[in-house]
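What follows is the residue order along each chain.
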Amino acid sequence: MSSNSYASRGSRAFHVAAHTLLETIRDRVFGVSILFSAMLLGAALVLSPLAAGEQDKIIMDLGLAGISVIGLFLALFIGASLVFREVERRSIYTVLSKPIARDEYILGKYCGSVLTIVLNVLMMSVLYVLLVSLHLETFHMGLLSAIYLIALELAVIAAFSLFFSVVSSPFMGAFFTLALFVAGHLARDILHFAELVPAESGRMILKGITYMLPNLEYFNVKGMAVYGKPIPPDLLLFATSYGALYIVGVLLLTMLVFRRKDLQ
Amino acid sequence: MIRVDHVSKDFRSDFLRRRRTVVRELSFEMRPGETFALLGANGAGKTTTMKMILDLIRPDTGSITIGGIDSRDPMARSALGYLPEQPYFSPHLTGFELIRYYGALAGVSREIREERARNLIRSLGLQGAENRRIRHYSKGMMQRLGFAQVLISDPSVLVLDEPMSGLDPVGRKEIRDVLLAQKEKGKTILLSSHILEDVERICDRAGFLVEGRMEEIVETMPAPLPQRRRDDAPRSVPSLERLFVEHVHSRYKEKIAE
Ligand SMILES: Nc1ncnc2c1ncn2[C@@H]1O[C@H](COP(=O)(O)OP(=O)(O)OP(=O)(O)O)[C@@H](O)[C@H]1O
Ligand SMILES: [Mg+2]
């Protein structure tokens, strides 16, 4: 029908991802998140002269928590607004009018948001590692493992965030994602709490929901890393497969929903 | 080229979940190389019909093919360009970046993409603005960018939803010339418009949509207005405006009378 050479499926998803990355790093939110991490670092530098013994552990721990929280903030924002904003602004019409399948679009959007988050985590990590190794002189490889798991957790959260963005509005999407983050970290506590629920049905429902949620504590080795304990490789391997399984599952679900959606 | 076969679509309005039929049993076929206009009052279902052709909205019943390929297959859009009503694009990119992005999505190779993007920026009057962020673009510039995004893949089928809206008189003439050039090249064009004068000048045929039904298809366009005025002889072909009033307006009056 025409002289264009048709790019493969992967390459169209790649273009969507690259475009998403470009778009989000030019958004004010990305700049704000970098600013926050710089401020965090500044605060750590100010506090660190006071640090002796236990206190540099606190700074190391706070730094990791900072990377995690700023990453979460970015994942919430990007994920929640990603698809919804394109629908709202109607720019999705022209994108999907090209020979691209909806699944490829979702895949591209997801990869783009993960790229943005990873870039953000990398930038913060460079600052963090510099602080820890030059200033506190307590750097060790366990910290890198901890950062890797933080990035993995954020990638899982980004998948849920994209899903919520497809099925609801940005505000509700951000709310659900935040709820998922909190519940995911408290999964064990919620299960304990469920035992206390008197009604049999209520207990079952609460347990059922909790088992569907990812247990985000699997990605949390901050304590071990800060105290310089080695992170066992099987733990990393397990967390990686656990995260990948959730990512694939949630992405497939998102595609399934998005395929049927009328873009009015 | 485009074949719409007994297509119907209901929308559920949010409150009370009541169903409203927006397109009903719609059928029409576009021949290769023809320019076809979808006409009708606001809310007649023109945009919905176009979105169904693009698979942005799924019909409840019926089927649509483009060049023989089912519209649900992305390959049906491999030689298609779509200009939505009031197009809007990511504000953080520059016009040039955006055109290249759409070229990449359409599978245009890098060299051709670069060259075409440059040519389109020139021919659509966007030079000087191509390296500016899109958030600084005016409505008319957005419309031109929308056109660039359509033409970057040199599509053989163009689906244009109110392509002249938002343009000043000079812009309107420029876009009309672009359309006529595409027509000259043998492209198949489906457009909707409320500017009947443009439709008379550009289109070969026109269909009147009334409440989602194809009420009438005009097979022969009347001569454009300026020529008609010069003509002293009585008109053999009625103007589109008269037909519009006849088919569209009178139907509404009937409804109101009921
Ligand atoms: N998302 C939606 N939910 C419910 N009804 C809708 C939705 N979108 C459109 N409609 C209704 O469908 C009908 C057809 O709309 P459509 O946009 O196709 O009309 P149109 O012919 O393009 O009108 P216009 O000339 O104003 O652009 C309208 O009555 C509109 O109210
Ligand atoms: Mg419309």
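Residues numbered from 1 in each chain as written. Chains lettered and ligands numbered in written order. Predicted model: local features only at pLDDT ≥ 70, side-chain atom pairs only at ≥ 80, totals over all residues. Heavy atoms only, no water.

Draft legend 1. Representation of the overall build of chain B within the structure. When helices and strands are tallied, chain B shows eight helices and 10 strands. Relative to its 258 residues, chain B shows a buried fraction of 54%. Taking the contacts inside chain B whose residues are at least 6 apart along the sequence as the reference set, 65% of them involve residues at least 24 apart. With the model as given, the accessible surface of chain B reaches about 11,800 Å², and the carbon-plus-sulfur share is 48%. (Helix = DSSP H or I, 4+ residues; strand = E, 2+ residues; numbered from the N terminus. Buried < 20%, exposed > 50% of the residue type's maximum accessible area, 1.4 Å probe, protein only. Contact = heavy atoms within 4.5 Å. Areas by Shrake-Rupley, 256 points an atom, 1.4 Å probe, with all protein chains shown as cover.)

Draft legend 2. Seen up close, the pattern of salt bridges. Residue and element names in this part refer to chain B. Enumeration according to the criterion identifies 25 salt bridges over all chains in this entry. Ionic pairing is found between Glu 114 and Arg 100, a salt bridge with its closest N-O pair at 3.4 Å. In this pair, Glu 114 sits in helix H3 (residues 110-123) while Arg 100 sits in helix H2 (residues 95-105), placing the two residues 14 residues apart along the sequence. For Glu 114, a relative accessible area of 21% puts it in the partly exposed group. A salt bridge links Asp 177 to Lys 173, with the shortest nitrogen-to-oxygen separation between them at 2.7 Å. Of this pair, Asp 177 and Lys 173 both sit in helix H5 (residues 169-184), four residues apart, which is roughly one turn of the helix. Look at Lys 173 and you get partly exposed, because its relative accessible area is 43%. (Salt bridge = Lys/Arg side-chain N within 4 Å of Asp/Glu carboxyl O.)

Draft legend 3. Structural detail: the coordination of the magnesium ion (ligand 2). Here the magnesium ion (ligand 2) is held by Thr 47 of chain B (OG1) and Glu 85 of chain B (OE), and the distances to it run 1.9 to 2.5 Å. Within this pair, whereas Thr 47 of chain B is found in helix H1 (residues 46-53), its partner Glu 85 of chain B is found in the loop between strand E6 (80-83) and H2, the two being separated by 38 residues in sequence. (Donors = N, O, S within 2.8 Å, 3.2 Å for Na, K, Ca; no water.)

Draft legend 4. Quick look at the sheet that holds strand E4 (residues 61-66) of chain B. The four strands lie next to each other as E2-E1-E4-E5 (chain B), forming an open sheet whose pairing is antiparallel. Looking at strand neighbours, the two that pair on one side only are strand E2 (19-30) and strand E5 (69-70) of chain B, the edges of this open sheet. (Pairing = 2+ DSSP bridges.)

Draft legend 5. Structural view of empty space enclosed by the protein. Summed over all chains, the structure comprises three cavities of 30 Å³ or more. Computed from the structure, the second largest cavity encloses a volume of approximately 40 Å³. Taken together, His 19, Glu 86, Ser 91 and Val 95 of chain A together with Phe 89, Ser 90, Leu 98, Tyr 101 and Tyr 102 of chain B form the lining of the second largest cavity. Put simply, the parts of the chain that give the lining of the second largest cavity at least two residues each are helix H4 (91-96) of chain A together with H2 of chain B. If you tally residues by element for the lining of the second largest cavity, the top one is H2 of chain B, at three residues. Residue classes in the lining of the second largest cavity are distributed as five nonpolar, three polar and one charged. (1 Å grid on protein atoms, 1.4 Å probe; cavity = no way out; pocket = protein on both sides within 12 Å on 5 of 7 lines; lining within 4 Å. Points joined across faces, edges and corners; volume = space filled by probe spheres on them. Nonpolar A, V, L, I, M, F, W, Y, C, P; charged D, E, K, R; others polar.)

Draft legend 6. How the structure looks around unusual backbone geometry. Residue and element names in this part refer to chain B. A positive phi angle, close to 40 degrees, is found at Gln 86, a residue other than glycine. Looking at where Gln 86 falls in the secondary structure, it is placed in the loop between E6 and H2. With a phi angle near 50 degrees, Glu 162 is a residue other than glycine that sits in the positive phi range.

Draft legend 7. Quick look at the site of ligand 1. Gln 264 of chain A together with Lys 46, Thr 47, Thr 48 and Glu 85 of chain B are the nearest of the 15 residues found near ligand 1. With respect to ligand 1, the chains having nearby residues are chains A and B. Interatomic distance of 2.8 Å between a side-chain N/O atom of Lys 46 of chain B and an oxygen atom of ligand 1. The contact in question runs from an oxygen atom of ligand 1 to an N or O atom on the side chain of Thr 48 of chain B, over 2.6 Å. Expressed as a share of its isolated accessible area of 630 Å², the protein-covered part of ligand 1 is 71%. Only E2 and H1 of chain B provide two or more residues apiece to the shell around ligand 1. (Near = heavy atom within 4 Å. Polar contact = N/O pair within 3.5 Å; in protein donor to acceptor, adjacent residues only side chain to side chain.)

Draft legend 8. Fine view of the side chain of Arg 205 of chain B. All names here are of chain B. Residue position: Arg 205 is located in strand E9 (residues 205-210). Owing to a relative accessible area of 6%, Arg 205 belongs among the buried residues under this scheme. A distance of 3.0 Å separates a polar atom in the side chain of Arg 205 from the backbone oxygen of Glu 29. When residues no more than four places from it in sequence are discounted, the contact partners of Arg 205 are Glu 29, Met 30, Arg 31, Glu 34, Thr 35, Phe 36, Ala 37, Ile 217, Val 218, Glu 219 and Met 221.

Draft legend 9. Layout of helix H7 (residues 170-185) of chain A. If you check H7 of chain A, its first and last C-alpha atoms are 23 Å apart, about what 16 residues at 1.5 Å a residue would give, namely 22 Å. Taken together, the buried positions of H7 of chain A are Gly 173, Thr 177, Leu 180, Phe 181, Ala 183, Gly 184 and His 185 of chain A. (Expected span 1.5 Å × (residues − 1).)

Draft legend 10. Representation of the pairing of E6 of chain B. All names here are of chain B. In E6, alternate side chains face the same way, and those of Leu 80 and Tyr 82 on one face and Gly 81 and Leu 83 on the other are all buried. Of the pairings in the sheet, the one linking E6 to strand E7 (residues 157-161) comprises four bridges and is parallel in character. The residue bridging Leu 83 from the neighbouring strand is Leu 160, located in E7.

Draft legend 11. A nonpolar patch on the surface, seen in detail. Residue and element names in this part refer to chain A. A contiguous nonpolar surface patch, about 300 Å² in accessible area, is contributed by Val 167, Leu 253, Leu 256 and Val 257. Per-element accounting of the nonpolar patch gives the leading share, three residues, to helix H11 (residues 233-260). Among the secondary structure elements, Leu 253 is positioned in helix H11. (Patch = residues over 30% accessible without salt bridge, like charges linked within 9 Å, V, L, I, M, F, W, Y side chains within 5 Å.)

Draft legend 12. Fine view of the environment of Val 7 of chain B. Residues and elements named next belong to chain B. Inspection of the secondary structure puts Val 7 in strand E1 (residues 2-12). Relative accessible area serves as the criterion here: at 1%, Val 7 is assigned to the buried category. Each C-alpha atom, one on Val 7 and one on Thr 35, is 21 Å from the other, the two residues being 28 residues apart in sequence. Excluding anything up to four places from it in sequence, Val 7 contacts Val 23, Arg 24, Glu 25, Leu 26, Met 52, Pro 59, Thr 61, Gly 62, Ser 63 and Ile 64.

Draft legend 13. Inspection of the side chain of Thr 47 of chain B at higher detail. Separated by 2.8 Å, the side chains of Thr 47 of chain B and Asp 161 of chain B make a polar contact. Look past the residues within four positions of Thr 47 of chain B in its chain and what remains in contact with it is Glu 85 and Asp 161 of chain B.

Draft legend 14. Broad picture of the packing of helix H5 (residues 102-136) of chain A against helix H6 (residues 141-167) of chain A. Residues and elements named next belong to chain A. Two elements in contact, H5 and H6, have axes separated by 9 Å at closest approach and are oriented at 150 degrees. For the element pair H5 / H6, the angle class is roughly antiparallel. Between H5 and H6 the crossing geometry is right-handed. Residues Ile 106, Lys 109, Tyr 110, Ser 113, Val 114, Ile 117, Val 121, Ser 125, Tyr 128, Val 129 and Val 132 of H5 form the contact with H6, whose participating residues are Leu 143, Leu 144, Ile 147, Ala 151, Leu 154, Ala 155, Val 156, Ala 158, Ala 159, Leu 162 and Val 166. Of the residues contributing to the contact of H5 with H6, the split by class is 19 nonpolar, two polar and one charged. (Axes fitted to C-alpha atoms, helices over the stretch in contact; angles between N-to-C directions. Parallel < 35°, antiparallel > 145°, perpendicular 65-115°, else oblique. Left-handed = near helix turned anticlockwise from the far one by under 90°.)

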